[in-house]
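Take a look at the letters that make up each chain.
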Amino acid sequence: MANKLISEMGLPTSITNIFAARNVTTAKEALSLTEFELMELLDVGMARVTSAVGHISEIVSPPAQTALSLMEERIQNEYMAGHLPTRLKGLDEALGGGIPFGVLTELVGPPGIGKTQFCLKLSLLASLPACYGGLDGHVIYIDSESKFSSRRMIEIGSMSFPEIFHMEGMAKEMAGRILVLRPTSLSEFTESLQQIKISLLQHHVKLLVIDSMAALVTGFSVTIVACFVSTSLTAHIVVSIFLGINLVSDPRSAYEIQA
């Protein structure tokens, strides 16, 4: 809504023309300036500026919601979108069916506890044919620590789903559904977000794994970057975003990660 054109907001023609003449064409451009700056730029009185800003703000601002309505909306969205079952009975029951679509899920723990193995297992589950209980989709796996192992993934598949992976060509087909990206920095990762968005839409992606977020955000807030990723991607498709995050020795960082 921030990029909505001022000319489409129903303002009086006179003030709309003044905005256009000063090359202020979108709500974002108008609301980025203070009322005093607008008054000087548009060369009109404060009353007209206040009225115009109020009108623009009312149109582009989302309606207020209560905590209850937000909770009900989230429950409804999760119910409609579905879940990716983990095949771990206790965990699936605790999560209401598995890893929910349309939201960001974090897996947090110390190094070596098995986060990457769990991410590999989820990737297999998302790519399995629907007739075997999978999602019959593709997976984007962001491997920031170069821990992804095709051999290990096939071993997990053979042990967990022997009836599937012993079929000729099935292991190759499953591996072909998992796209692995290896950004070396946060800037490289953010630059690839547009490519990821396109892939989400074109390749029937059901799961996006980032293993691990901590490796990408050294010196940055994990929580802030995770929220940025979630906002950037979940708006484009109902997809489960799964983050592997290492706990660290610095208490301040550990608190930040778990917040």
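Our structure is the block above this text.
What you are looking at is a predicted structure, and each value in this text was computed from that prediction instead of being measured. (Residues numbered from 1 in each chain as written. Predicted model: local features only at pLDDT ≥ 70, side-chain atom pairs only at ≥ 80, totals over all residues. Heavy atoms only, no water.)

**Thoughts on the pattern of salt bridges**
For step 1, the next point in the chain: This structure, assessed with the given rule, holds 5 salt bridges.
For step 2, the next point in the chain: A salt bridge links glutamate 145 to lysine 147, with the nearest nitrogen and oxygen atoms 3.1 Å apart.
For step 3, the next point in the chain: Note that glutamate 155 is salt-bridged to arginine 152, the shortest N-O span being 3.3 Å. In this pair, glutamate 155 and arginine 152 are both assigned in helix H8 (residues 150-160), 3 residues apart and thus about one turn of the helix distant.
For step 4, the next point in the chain: For glutamate 155, a relative accessible area of 38% corresponds to the partly exposed category. (Salt bridge = Lys/Arg side-chain N within 4 Å of Asp/Glu carboxyl O. Helix = DSSP H or I, 4+ residues; strand = E, 2+ residues; numbered from the N terminus. Buried < 20%, exposed > 50% of the residue type's maximum accessible area, 1.4 Å probe, protein only.)

**Re the packing of aromatic side chains**
For step 1, the next point in the chain: Going through the model one piece at a time under the given rule, you end up with 1 aromatic pair.
For step 2, the next point in the chain: The interplanar angle of 65° and the centroid separation of 4.9 Å between the aromatic rings of tyrosine 141 and phenylalanine 148 together place this pair among those described as edge-to-face. When sorted by exposure, tyrosine 141 lands in the same class as phenylalanine 148, which is buried. (Phe/Tyr/Trp six-rings, centres within 6.5 Å; stacked < 30°, edge-to-face > 60°.)

**Examining helix H12 (residues 193-202)**
Side chains three or four residues apart in an α-helix point the same way, a direct result of the helix having 3.6 residues per turn.
For step 1, the next point in the chain: All of the buried residues in H12 are Leu193, Ile196, Lys197, Ser199 and Leu200. Seen along its axis, H12 keeps its buried residues to an arc of 165°; they face one direction. For H12, the exposed residues lying more than 90 degrees away from the buried face are Leu201 and Gln202. (Arc of directions from axis to C-beta.)

**Considerations on H8**
For step 1, the next point in the chain: The complete set of buried residues in H8 reads Met153, Ile156 and Gly157. Taken end-on, H8 shows its buried residues confined to a sector of 100°, consistent with a single buried face. Exposed and oriented more than 90 degrees from the buried face of H8 are Arg151 and Met159.
For step 2, the next point in the chain: If you follow the buried residues of H8, they end up packed against helix H7 (115-127), helix H9 (162-165), helix H10 (170-176) and strand E5 (178-181). (Contact = heavy atoms within 4.5 Å.)

**What to know about the pairing of strand E6 (residues 205-211)**
For step 1, the next point in the chain: Buried residues dominate E6, accounting for 6 of its 7 residues.
For step 2, the next point in the chain: The sheet contact formed by strand E4 (residues 138-143) and E6 spans 6 bridges and is parallel. Opposite isoleucine 142, over in E6, you have isoleucine 210 as the bridge partner. (Pairing = 2+ DSSP bridges.)

**As for the environment of valine 139**
For step 1, the next point in the chain: Take valine 139: it is sitting in strand E4.
For step 2, the next point in the chain: On the basis of relative accessibility, which here comes to 1%, the residue valine 139 falls in the buried class.
For step 3, the next point in the chain: Excluding residues that lie within four positions of it along the chain, valine 139 makes contacts with Ser123, Ala126, Arg177, Ile178, Leu179 and Leu207.

**Quick look at the nonpolar core**
For step 1, the next point in the chain: Formed by 26 residues in total, the largest nonpolar core has its most connected members in Leu84, Leu122, Leu128, Tyr141, Phe161, Phe165 and Leu207.
For step 2, the next point in the chain: Secondary-structure elements contributing two or more residues to this core are H7, E4, H8, H9, H10 and E6.
For step 3, the next point in the chain: The element that contributes the greatest number of residues to this core is H7, accounting for 7 residues.
For step 4, the next point in the chain: For phenylalanine 165, the contacting residues outside a window of four places in its chain are Leu124, Leu128, Ile154, Gly157, Ser158, Ala171 and Met174. (Core = buried A, V, L, I, M, F, W, Y, C linked by side-chain atoms within 4.5 Å.)

**With respect to the packing of helix H1 (residues 13-21) against helix H4 (residues 46-60)**
For step 1, the next point in the chain: Between H1 and H4, the least distance of the axes is 11 Å, while the angle of their chain directions is 85°. Our classification of the angle between H1 and H4 gives roughly perpendicular. Facing H1, whose interface residues are Ser14, Ile15, Ile18 and Phe19, H4 presents Arg48, Ala52 and Ile56. (Axes fitted to C-alpha atoms, helices over the stretch in contact; angles between N-to-C directions. Parallel < 35°, antiparallel > 145°, perpendicular 65-115°, else oblique.)

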